[in-house]
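# Results of the structural survey
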Amino acid sequence: MSQKVLLNTKEVNIILHRLACQLIEKHNDFSNTVLIGLQPRGVYLANRISKILKNVYNVKDVKQGQLDITFYRDDFRRGDKPLKANTTEVNFLVENQNIVFIDDVLYTGRSIRAALTAIQSFGRPNEIELLTLIDRRFSRHLPIQPNYRGRQVDAINKEKVIVHWQENEGEDAVYLIEK
Amino acid sequence: MSELSVNHLLGIKYLNQKDIELIFETADHFKEVINRPIKKVPSLRDITIANLFFENSTRTKLSFELAEKRLSADVINFSSGQSSVKKGETLIDTVNNILSMKVDMVVMRHPNPGAGIFLSKHVKASIVNAGDGAHEHPTQALLDSYSIREKLGDVAGKKVVIVGDILHSRVALSNIFALQLQGAEVMVCGPKTLLPKYISELGVKVETNLRKALNWCDVANMLRVQNERMDISYFPSTREYTQQFGVNKALLNSLNKEITIMHPGPINRGVEITSDVADSNQSIILNQVENGVAIRMAVIYLLASKIKQ
């Protein structure tokens, strides 16, 4: 199994700060904005972005939640493995809010499609945007594109993009792995 | 592990501890779902479920139906009262006819013990036992344990007494299996005539004095006296039963600790439990009903995920 570094710790850090700045440019003081990390891996990225917004750029009130899409997926009973759910925490009304979905890798777009359905259970948002650290080009199954992207990557189907986080894997890095 | 070890839920006897943990974890997620503004997920939109009730039921039937609908399954209901069963059709024929209409799962309540097990051997569908005679009522036991876990943090190490008509109760048997599987200590308490002769073989304590039983336990699960299953008189009068085995506020207040009161419903107020106990803070009876929907969603979801396309 070959492994290639796509982004090292320093590069990840620069990108996270850039993404945070881009969010501020659009959402100002975040009074009407909520960040939603998509379970399981998007939550790490959402936590990081929210931390940078608070600690580095002094955004006071960043509303953050996490959304699990297991029960909304379109591959229930189609894969070999059973789907395991994760916790959802959306402890605020999303009615008329500007939502930013946050996920680590955008691949086929199917998770985002499920998330778009899932979030409707909590009300009717004003708008929904998408932020991803890695955008895999040419691999979309649905017409879904990110509004904020960290890095665009060309990866063929037998390759996999893995994001490591300091709090989970001990380092911030992105790898391209051949399956 | 994220898959049940069984393809049907016929009784707690056929589950292992990991299965129960998985059902509870999944139910946690569904409990969050049913507290959202829109309480529905689309997971089971290609699954059809038949609810076959050959015996009366209010709570269980509504709870199953709600659970199925909140998972977006298609639901058909059947009650034996208005059906061809009365014309002499056999159980297998009835169910196979229903399955020809492309039904994937059957939720069944039946007056005969073992009806679900029998059916699971003869038809191609996932079977969920919603109560078979005086045998088992697995989803009730699961929601009871889940409610204890919610109230007391854990089931392991807790002392639970089941009070009342143990002899005719499917809830009692399923609860004994479920609680023991999770490491709780179980006692049964009731008039000798309503305690099965060899019940202690199941590893439960047996007590005929209610005060002693309540002083021992952390949780008391009060059962209803099932008059409809009694062919003979098991105790002299309802009044005498209430005096010896009914729980009232004065009795609870005189105990050396505060215990949790449960009841699977329907309650006979003033017989096994007085209104001031049923409606008190110590009672988690309505939590049990709410948890029932989440538990049934979890069971149906997990069984449905094992149905091959």
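Residues numbered from 1 in each chain as written. Chains lettered and ligands numbered in written order. Predicted model: local features only at pLDDT ≥ 70, side-chain atom pairs only at ≥ 80, totals over all residues.

Looking at an unreviewed UniProt entry, one finds chain B named Aspartate carbamoyltransferase and attributed to Seonamhaeicola algicola. Per its UniProt entry, chain B bears the Sequence similarities (unreviewed entry) comment "Belongs to the aspartate/ornithine carbamoyltransferase superfamily. ATCase family." Under Pathway (unreviewed entry), UniProt gives the following word-for-word description of chain B: "Pyrimidine metabolism; UMP biosynthesis via de novo pathway; (S)-dihydroorotate from bicarbonate: step 2/3." (UniProt positions renumbered as here; feature names shortened; annotations may be inferred.)

### Quick word on the packing of helix H5 (residues 138-152) of chain B against helix H11 (residues 285-304) of chain B
Residues and elements named next belong to chain B. Across the interface, H5 lies against H11 with an axial gap of 8 Å and an inter-helix angle of 120°. Here H5 lies oblique to H11, going by the angle between them. H11 is crossed by H5, and the crossing has right-handed handedness. Of the residues in H11, those touching H5 at Thr139, Leu142, Leu143, Asp144, Tyr146, Ser147 and Glu150 are Asn287, Gln288, Asn291, Gly292, Ile295, Arg296 and Val299. Here the contact of H5 with H11 is built from residues that sort into five nonpolar, six polar and three charged. (Axes fitted to C-alpha atoms, helices over the stretch in contact; angles between N-to-C directions. Helix = DSSP H or I, 4+ residues; strand = E, 2+ residues; numbered from the N terminus. Parallel < 35°, antiparallel > 145°, perpendicular 65-115°, else oblique. Left-handed = near helix turned anticlockwise from the far one by under 90°. Contact = placed C-beta atoms within 7 Å. Nonpolar A, V, L, I, M, F, W, Y, C, P; charged D, E, K, R; others polar.)

### Examining the domain arrangement of chain B
All names here are of chain B. Looking at the assigned domains, one finds that chain B contains domain 1 (12-137 + 290-304) and domain 2 (138-288). The C-alpha-based centres of domain 1 and domain 2 are spaced at 25 Å. Facing the 23 residues of domain 1 at the interface are 25 residues of domain 2. Those elements that provide at least two residues to the side of domain 1 that touches domain 2 are helix H1 (17-33), strand E4 (126-132) and H11. If one sorts the elements of the side of domain 1 that touches domain 2 by residue count, H11 sits on top with six residues. (Domains from an automatic or database assignment.)

### Focus: the interface of chain A and chain B
Interfaces are often described in size by the accessible area the parts lose on coming together. Contacts between the two partners involve 15 residues from chain A, matched on the other side by 14 residues from chain B. When grouped by side-chain class, the residues that make up the side of chain A that touches chain B number seven nonpolar, five polar and three charged.

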